[in-house]
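Coordinates in review
Chain by chain, the residues run as shown.
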Amino acid sequence: MKHKIIISLLFMSQLLFSQANLNTVIKGGELLLSGLSVLKISKSNAKKNIKVIESVCVKNKLTDRITFRIEGKNEEDEEVKRELIIPTDGKECLFALSKGIYTYEIVLTNKEIYKKGEYKFEDEVIITIKDE
């Protein structure tokens, strides 16, 4: 029983004394911050290497329903065709779209092409279609 009391007193005495001075605390803080900055850099580099965009959304601010079509090729040279039908004041999204350059068409309900062009999809984007 005496041995347990002596060991617990020695253990508690170690806890009561400061085990680090100000310099070691500052050095520890510097190490922690540099470690966090390395993690942040590696996270941003990982985001750049992703070949797929999570979402591309299209908002319709016109008075009629529209059809948004895109066409292009992904990095494996496979043809990609997608189509969205967007109601008035609506929003629709494409998910898991490969990064790349796509041609797009915005077609009105009377089959007239409202707008046509090319767009380079690199990041998530929201495209708003409105009267010019």
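Residues numbered from 1 in each chain as written. Predicted model: local features only at pLDDT ≥ 70, side-chain atom pairs only at ≥ 80, totals over all residues. Heavy atoms only, no water.

1. Describing the nonpolar core
We apply this condition: Buried residues of nine kinds, namely Ala, Val, Leu, Ile, Met, Phe, Trp, Tyr and Cys, make up a nonpolar core once their side-chain atoms join them within 4.5 Å. Only protein chains enter the accessibility calculation, which uses a 1.4 Å probe; a residue is then buried when its area is under 20% of its type maximum, exposed when over 50%, and partly exposed in between. Helix numbers and strand numbers start at the N terminus; a helix is a DSSP run of H or I with at least 4 residues, a strand a run of E with at least 2. Two residues form a contact once any of their heavy atoms are found within 4.5 Å.
Membership of the largest hydrophobic core comes to 20 residues, with the highest contact counts inside it found for Val56, Phe68, Phe121 and Ile127. For this core, the secondary-structure elements that each account for two or more residues are strand S1 (52-60), strand S2 (66-73), strand S3 (79-86), strand S4 (91-98), strand S5 (100-108) and strand S7 (125-129). With four residues, the top contributor of residues to this core is S5. Sequence-distant contacts of phenylalanine 68, defined by excluding residues within four places in its chain, comprise Val58, Arg82, Glu83, Leu84, Ile86, Tyr104, Glu105, Ile106 and Ile127.

2. What to know about the state of the cysteines
Applicable threshold: Throughout, disulfides are identified as pairs of cysteine sulfur atoms within 2.5 Å of each other.
Counting across every chain of the model gives one disulfide. With its sulfur 1.9 Å from that of its partner, cysteine 57 forms a disulfide with cysteine 93. Between cysteine 57 and cysteine 93, the S-S dihedral sits near 100°, and the bridge is therefore right-handed. On the criterion of sequence distance, the pair formed by cysteine 57 in strand S1 and cysteine 93 in strand S4 is long-range, its members being 36 residues apart. A residue is classified by how much of its surface remains accessible, and cysteine 93, at 21% relative accessible area, is partly exposed.

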